[in-house]
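Architecture and fold: a report
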Amino acid sequence: MVVADRRLWQRAAHIIHKNHRVIVMDSGSSAHFWYDVWTGNTPLKDYLPDDIWTTMFDKNCTIQQAFSDPMSNQLQMAFWHCPMNLFTKFLTTYNSQDTWIWCPTQDGHFSTKSVRSILTTEANQQWAILWAPYIPTKWSVLIWRIILNAVPIDGTVKEQGIPLVSKCYCCSNPHEETTLHLFFKSAIAVQIWTELAHLLHFSHADMTSIADNLTDFLASREPEAVAARLIRCTFMSILWEIWCSRNKARFQDQGMSAKHIINRSLFSVRAICTSYKFQKIPPDWIAALCQDSTVKDNLNARIPSAVRWFTPLSGRLKLNVDGAFKSTSGEAGGGGIVPDQNGNMLCAFAHAYHGLNSSLAAEALAMRDGISMCCRNGISKVMIETDSHNLVQIMTAQQACQWDLVCILQDITAKTQILQAEISHTPCEANRVADSLANFVLFCPSLVS
Ligand SMILES: [Zn+2]
């Protein structure tokens, strides 16, 4: 094997080791005890000091061999060097065989696309900022071409060795047309960027190198905040409209107008806000996007509707559950309550969860704990309500389940059948008590288990 091949395979092995996991059937599993990731996030061998690992006997032993060894040499070694919590909680499946999981995908199935995204270097990730479901593809493609200096503007064509005489259409006193001039330095561009400076916080005067300044500006904000989305959309929309307007000026002899470009851009952004249901739009943006009061009302539209908690049908009890998750700190909690026919509490819980990575996981754990509470209290024929639409869809097989939730959901399904329970969705307004219990955990984690 040549050196390059060996490197390739070493790299492949490293990626596979880092991203795979095994959900084991039980202690009879044939997964490798030291090499496979069956508990925690790395193989157990990573916890051993180098000198112990190199002299270790039987590195290839399986989980079954490790657990059935009468001398329990491997287990003793693991207990000595690895964190104990790895052995108290690991994913097991009800299946009669181990399940191999590819972590980067949601369903745990291997895909070459996921490998590609792992291999994508940091440098390429700057492009990600140009693409989003709410940004029209034609805008993204144009900005991509602007950054690559691949828009057929006079200056760019000349750089490719084609001699031509250039005169811009964007200034009353014409200049040579270059990308920087047309989009950022021309009379029209300066007028547009000046007028929108209070919204975009963008200074056209600082623009010296398109490739660097443009991506820096687009990437300078938290991409999912509403204000950042609006800035990104409007900025890209303006560039698109300048380009369209320039083409109409050159090929159809229509004059360029800064006011017209701004109006068309804001119109497009307003349509995006409505179609993609942007929430909590800042007041200065509402003022800019809304030319008349009807549009303003539409953007602000929060039609009030009465939502209340309904008592369950007679002979049944209701369990309301909710999960809470803070992505910034990773803290999570779940709460649930079973009220009687009059709405008085029969039993309730609030639990803290650790090591979660999504609110859906917190919702699922809260449901599991709520059902367990019903089992302990001898409550059956219960109606379970959650405000997680995704969880209900997964439980009713309308949506695929994430691999890391499989075990929790199997548990819920089994207990639901025992309890003859039904699961349904309720608006958050009717799930306030469970919501408060779950959030209580985030504020006072030391008070709950
Ligand atoms: Zn010009």
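Residues numbered from 1 in each chain as written. Predicted model: local features only at pLDDT ≥ 70, side-chain atom pairs only at ≥ 80, totals over all residues. Heavy atoms only, no water.

As annotated in an unreviewed UniProt entry, the chain carries the name RNase H type-1 domain-containing protein and comes from Colocasia esculenta.

**Description of the UniProt feature "domain: RNase H type-1" (unreviewed entry) in the chain**
Sites flagged by UniProt as "domain: RNase H type-1" (unreviewed entry) map to residues 320-440. Along residues 320-440, the helical share is 40% and the strand share 26%, with 15 Å between the first and last C-alpha atoms. (UniProt positions renumbered as here; feature names shortened; annotations may be inferred. Helix = DSSP H or I, 4+ residues; strand = E, 2+ residues; numbered from the N terminus.)

**Re the pairing of strand β1 (residues 20-23)**
For a regular strand, the rule is simple: side chains alternate between the two faces of the sheet. Residues H20 and V22 of β1 are buried on one face, and the alternating residues R21 and I23, pointing to the opposite face, are buried as well. With 4 bridges joining them, β1 and strand β2 (residues 99-102) adopt antiparallel strand pairing. Bridge pairing links R21 to I101 in β2. (Buried < 20%, exposed > 50% of the residue type's maximum accessible area, 1.4 Å probe, protein only. Pairing = 2+ DSSP bridges.)

**What about the packing of helix α13 (residues 226-251) against helix α14 (residues 258-275)?**
Packed helices, taken two at a time, are described by the angle their axes make and the gap between the axes. Interhelical geometry of α13 versus α14 gives an angle of 135° and a closest axis separation of 9 Å. Judged on the interaxial angle alone, α14 and α13 are oblique. The crossing of α13 and α14 is right-handed. In this structure, α13 contributes L230, C233, T234, S237, I238, E241, I242 and S245 to the contact, and α14 contributes I261, I262, R264, S265, L266, S268, V269, I272 and C273. Among the residues forming the contact of α13 with α14, the class breakdown is 10 nonpolar, 5 polar and 2 charged. (Axes fitted to C-alpha atoms, helices over the stretch in contact; angles between N-to-C directions. Parallel < 35°, antiparallel > 145°, perpendicular 65-115°, else oblique. Left-handed = near helix turned anticlockwise from the far one by under 90°. Contact = heavy atoms within 4.5 Å. Nonpolar A, V, L, I, M, F, W, Y, C, P; charged D, E, K, R; others polar.)

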